[in-house]
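# Working through the structure, step by step
Chain by chain, the residues:
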Amino acid sequence: MRLRHLKGWLYLLPALLFLGCFMIYPLVDVLIYSLEEGYNSASQTYFGVGLYNFSYVLHDPYFLQAVKNTLLLVVITVPLSTGLALLISVQLSSIPKLRDLYQTVFFLPYVTNTLAVGLVFMILFKKTPYSDGMINALIHLFGGETVDFMDGPYWAKMLVTCLYTVWIVMPFKILILTSALASVNPDYYKVARVDATPRWRIFTKITLPMISPMIFYLIITGFIGAFKAYSDEVALFGVNLNAAGMNTIVGYVYDMLYGDSGGYPSYASAAALILFAIVLTITVINLLVSRKHVYYA
Amino acid sequence: MRIYLEHVTKSFPSQNRKEKRNVIAVNDFTYEIPDGTLTGLLGPSGCGKSTTLNLICGLETPTSGKIYFGDDDVTLLPPESRGVGIVFQNYALYPHLTVLENILFPLQNLKGPEKLSKAVMLDKAREAADLVQISRLLERRPKEMSGGQQQRVAIARALVKRPRVLLLDEPLSNLDARLRLQTREEIRRIQRETGITTVFVTHDQEEAMSISDQIVVMKEGIVQQIGKPQTVYDDPVNLFVAKFLGTPPVNVFSGEIRSGQLYLGQAPVLPFPGGRDGPVWVGIRPEGFVPSPDGPLVCSTRAVEVMGRDTSVVCTHPAAEAQIRAIISSEHDVSGDTVRFQLKPAKVHVFDRQSENRIYPA
Ligand SMILES: Nc1ncnc2c1ncn2[C@@H]1O[C@H](COP(=O)(O)OP(=O)(O)OP(=O)(O)O)[C@@H](O)[C@H]1O
Ligand SMILES: [Mg+2]
């Protein structure tokens, strides 16, 4: 019996070692860094232990801006992208003939490099002294006021960021939702039709509950993904996000480690732990809400 | 509600890209289902039973032909306007709803002047649940119930709106043998109590024979025979129907008609006046054999299975397609290597060798 236990642990050892080296140890390390006040990475010394790093980060206007940006991004893009993806998937499922073609088209952004998509967005939205960019040309055509989306007012930059994020995350969601929809037994729809169920009721009372686990999965991963946004902003606004006012929490952590203001692993760790706390809270809330509304077969 | 199908044909476009031929699932159906009866649609897999049911239901529209409910032409009516209830093979109960919510679901769809109050809906749902005897399970979810209970819920849901026609697609195939026996009686009882015209699909001939008022035997989209179960069994119109009905199955021999006599091998077994001379197929029901010391049909015994009142004799004969199974009364002594049989003329059916249609003596 004991031998068998030993064997089991032995088999688990590689995975445990791996997790220990690359997950547990860094996590503990982050925690330690975040509590060491005045840590100097060159001399590897610190003055004392306490919560000063958290206090500093929470009072840093750049961090507060990053939190605001991130929250806005999360609140706008997660419901929007999930809702749109649901709408598109439902429409796709009702046209079986073209579904494969459209699925490919909608999936293209997913296999395209983030930076390439960013470049395209930049070309579409940018306004230079010499040219207006395509979107501005369109706005102009319809008699609107042109805006520099890449280097202008905050709302314009936020708009582009949200559009970009939605664009990037949609394909995966569409893929997941179309397959979820396809896996619903068509007999449910047949019975519902025979019972004269209105279309909207079929959707809310049958389709949605049936695919609710997948929607829930997309919402949770969507929240987590949006909280960790960084590369998309870099693709749009370059590496100096603070200057553009479009930094995110992860971007702030990165800056604290390696950016111009870099070399502050303690601040970075504190910010990372704050992010962790936020994501954890939101995920727990999600799980609690889902218990009532998600049906698992 | 009387259902009348008039030259109904349904073909599906072929899925196979190379072969452009259409699949004809139902081919020129004409038959009437009398009001208030239980009709069994019977046939082997892929013969178009489900398609026929879907046509009656309205989930499919016929390629040609007409369907009438009473005197109303419902051919182009969508299923929700036909007043039908349907139960699928897998029951298709909404798994996230309780039994009560499942039964209430069709009632909650009613709109406008037909809209019911909550109390009336509950009453109707309870009534339907009582009918199928699941009143004590109303708060359960489908996966917390046995197959038989789920099937009752599905019937209750189909009945709760008092449809004009109830359609059941292989309602018993997910149940074990004992439950199947019990549930088919249940279906019979529910149908009798409600008097709703009911069509049910099965590929199990015993099931269809035991509870139907009328059976429709199908093969490859074509109706072979329609009638009372006993009539179809006693008087099959072709070899397919004869083979399809009855357990144990009919014994098929290759025989010959020569000068007014039916021959199996070299032995003349029955007079057959008026038949054209030539080879034929002969189907003999297991109960058509009577052991007799000077019987014309000589078979070699392989096994004797005593089943109480009856005895089943397994034997061979050179003219028979496969082993013969004869059901005889236990009084007879069949302990030898060979056994001689006399045949009951009513249990012997003769079929044309080519068309396999029934040939009757003059
Ligand atoms: N939607 C469809 N598209 C193409 N062919 C179909 C379709 N539905 C049925 N068929 C074909 O029509 C024929 C009859 O099918 P049907 O489902 O009615 O058979 P069935 O008698 O119910 O068989 P089973 O006992 O296996 O359920 C089959 O050959 C089948 O392949
Ligand atoms: Mg079928």
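## Here's the deal with the overall build of chain A
Helices and strands together make up the secondary structure of chain A, namely 13 helices and two strands. Its C-alpha atoms give chain A principal-axis dimensions of roughly 80 × 75 × 30 Å. Counting only residues that meet the buried cut, chain A has 39% of its 297 residues in that class. Considering only contacts within chain A whose residues lie at least 6 apart along the sequence, 65% involve residues at least 24 apart. As displayed, chain A has an accessible area near 17,400 Å², and 71% of this comes from carbon and sulfur atoms. Taking the average location of the 18 positive side-chain charges in chain A and that of its 15 negative ones, the two points are 20 Å from each other.

## Points about the domain arrangement of chain B
Residues and elements named next belong to chain B. On domain assignment, one finds that chain B holds domain 1 (3-243) and domain 2 (248-359). With centres defined by C-alpha atoms, the gap from domain 1 to domain 2 works out at 38 Å. Contacts between the two partners involve nine residues from domain 1 and, on the opposite side, 13 residues from domain 2. Regarding the contact of domain 1 and domain 2, the summed buried area is about 990 Å², with carbon and sulfur atoms giving 51% of it.

## A few points about the domain arrangement of chain A
All names here are of chain A. For chain A, the assigned domains are domain 1 (1-50) and domain 2 (56-293). The C-alpha-based centres of domain 1 and domain 2 are spaced at 33 Å. Between domain 1 and domain 2, the contact holds seven residues from the first and six residues from the second. Across the interface of domain 1 and domain 2, roughly 550 Å² is buried in total on both sides, 69% from carbon and sulfur atoms. Considering only the side of domain 1, the residues that lose the most area to domain 2 are V30, Y33 and S34, jointly responsible for 58% of the buried surface there. Run the count over domain 1 and domain 2 and you get zero salt bridges. The interface formed by domain 1 and domain 2 includes two residue pairs in polar contact (both at pLDDT 80 or more). Counting residues per element, the side of domain 1 that touches domain 2 draws most heavily on helix α1 (residues 2-35), at four residues.

## Considering the layout of surface pockets
Residue and element names in this part refer to chain A. As a volume, the largest pocket reaches approximately 830 Å³. Taken together, 21 residues make up the lining of the largest pocket; nearest its centre are V90, S94, Y189, R199 and T207. Of all the secondary structure elements, the ones that give two or more residues to the lining of the largest pocket are α3 (61-93), α7 (154-182), α8 (186-194) and α9 (199-227). When residues of the lining of the largest pocket are assigned to their parent elements, the largest contribution, six residues, is made by α3. Of the residues belonging to the lining of the largest pocket, the class tally is 11 nonpolar, six polar and four charged.

## Here's the deal with the site of ligand 1
Residue and element names in this part refer to chain B. Surrounding ligand 1, one finds F12, Q15, V23, A25, S45, G46, C47, G48, K49, S50, T51 and E170. The backbone of G48 places a nitrogen or oxygen atom 3.0 Å from an oxygen atom of ligand 1. Here an oxygen atom of ligand 1 sits 2.5 Å away from a polar atom, N or O, in the side chain of T51. Burial of ligand 1 by the protein amounts to 64% of the accessible area it has alone, namely 630 Å². Secondary-structure elements contributing two or more residues to the shell around ligand 1 are β2 (23-33) and α1 (49-57). Among the elements that make up the shell around ligand 1, the one with the highest residue count is α1 (three residues).

## Some details on α9 of chain A
Its 29 residues give α9 of chain A an end-to-end C-alpha distance of only 36 Å, which falls more than 12% under 42 Å, the value for a rise of 1.5 Å per residue. A maximum bend of about 60° is found in α9 of chain A at S212 of chain A, where proline P213 of chain A lies one to four positions downstream.

## Examining the interface of chain A and chain B
At the junction of the two partners, chain A supplies 20 residues and chain B supplies 23 residues. For the chain A and chain B pair, buried surface summed over both sides reaches about 2,000 Å², with 59% attributable to carbon and sulfur atoms. Counting every contact that joins chain A to chain B gives zero salt bridges. For the interface between chain A and chain B, the tally reads eight residue pairs in polar contact (both at pLDDT 80 or more). Considering only residue class, the side of chain A that touches chain B consists of 12 nonpolar, two polar and six charged.

## Things to note about the pattern of salt bridges
Residue and element names in this part refer to chain B. For the structure shown, the criterion picks out 18 salt bridges over all chains. The residue E305 makes a salt bridge to R325 at a minimum N-O spacing of 3.0 Å. Residue E305 is found in strand β16 (residues 297-307), and its partner R325 is found in strand β18 (residues 324-329); the two are separated by 20 residues along the sequence. Overall, the relative accessible area of 29% leaves R325 in the partly exposed class. Residues joined by salt bridges that share partners form a network here, namely R152, E186, R189 and E193.

## Some details on the environment of L31 of chain A
On the secondary structure map, L31 of chain A appears in helix α1. Placed 14 residues apart in sequence, L31 of chain A and L17 of chain A show a C-alpha to C-alpha distance of 20 Å.

## Overview of the sheet that holds strand β5 (residues 72-73) of chain B
The strands that make up a sheet pair up through hydrogen bonds in the backbone, lying either parallel or antiparallel. All names here are of chain B. Spatially, the four strands line up as an open sheet ordered β2-β1-β4-β5, and their pairing is antiparallel. One side of each edge strand has no neighbouring strand; the edge strands of this open sheet are β2 and β5. Note: strand β4 (residues 64-69) against β5, two bridges, orientation antiparallel. Bridge pairing in β5 places Y68 opposite D73.

## Considerations on the packing of aromatic side chains
Within the structure shown, the criterion is met by 18 aromatic pairs over all chains. Pairing F149 of chain A with W155 of chain A gives two aromatic rings, centres 6.5 Å apart and planes at 85°, and the pair type is edge-to-face. For F149 of chain A, a relative accessible area of 4% corresponds to the buried category. On the basis of relative accessibility, which here comes to 52%, the residue W155 of chain A falls in the exposed class. The rings of F121, F125, F149, W155 and Y164 of chain A are connected pair by pair, giving a single aromatic cluster. We note R201 of chain A situated over the ring of F105 of chain B; from NZ or CZ to the ring centre the distance is 4.2 Å.

About the thresholds
- Sequence order as written defines residue numbering, which begins from 1 separately in each chain.
- Starting at A for chains and at 1 for ligands, labels are handed out in the order in which the entities are written.
- Only residues with pLDDT of 70 or above have their local features reported here, since the model is predicted, and side-chain atom pairs are shown and tallied only from 80 upward, although totals for entire chains, interfaces and linings are computed over all residues.
- Excluding hydrogens and water, the side-chain values take into account all heavy atoms of the structure.
- Secondary structure follows DSSP: runs of H or I at least 4 residues long count as helices, runs of E at least 2 residues long count as strands, and numbering of each begins at the N terminus.
- Buried means the residue's accessible area, taken with a 1.4 Å probe over protein chains only, is under 20% of the maximum for its type, while exposed means over 50%, and partly exposed covers the values in between.
- By definition in these notes, contact holds between two residues if any of their heavy atoms fall within 4.5 Å.
- For every accessible area listed, the method is Shrake-Rupley and the probe measures 1.4 Å; residues are considered covered only by the protein chains on display.
- The convention is simple: Lys and Arg are positive, Asp and Glu are negative, and His and the chain ends are not counted.
- For the purpose of locating charges, the reference atoms are NZ of Lys, CZ of Arg, CG of Asp and CD of Glu.
- For the domain bounds, the source is a domain assignment made automatically or taken from a database.
- What counts as buried area is the accessible surface, traced by a 1.4 Å probe, that two parts surrender upon association, with contributions from both included.
- Any Lys or Arg side-chain nitrogen located within 4 Å of an Asp or Glu carboxyl oxygen qualifies as a salt bridge.
- The definition of a polar contact used here is a pair of N or O atoms within 3.5 Å, where within protein one atom must be able to donate a hydrogen and the other to accept one, and adjacent residues in sequence count solely through side-chain atom pairs.
- Using a 1 Å grid laid over the protein atoms alone, points where a 1.4 Å probe fits but cannot get out form a cavity; open sets with protein on both sides within 12 Å along at least 5 of 7 lines form a pocket; any residue with an atom within 4 Å of a point counts as lining.
- Grid points are joined across faces, edges and corners, and a volume is the space filled by probe spheres set on the points.
- Each residue is assigned to one class: nonpolar for Ala, Val, Leu, Ile, Met, Phe, Trp, Tyr, Cys and Pro, charged for Asp, Glu, Lys and Arg, and polar for all the others, Gly among them.
- Distances are taken per atom, and a residue is near a molecule or strand as soon as one of its heavy atoms is within 4 Å of it.
- One less than the residue count of a helix, multiplied by 1.5 Å, gives the span that helix is expected to have.
- The angle separating two fitted axes, one through the seven residues that finish at a residue and one through the seven that start at it, defines the bend at that residue.
- Note on pairing: two strands pair once DSSP finds at least 2 bridges between them.
- Working definition: rings of Phe, Tyr and Trp (its six-membered ring) pair if their centres are within 6.5 Å, and the pair is stacked with planes under 30 degrees apart, edge-to-face with planes over 60 apart, and tilted otherwise.
- Note on geometry: a ring has a charge over it if NZ (lysine) or CZ (arginine) is within 6 Å of the ring centre and within 35 degrees of the ring normal.

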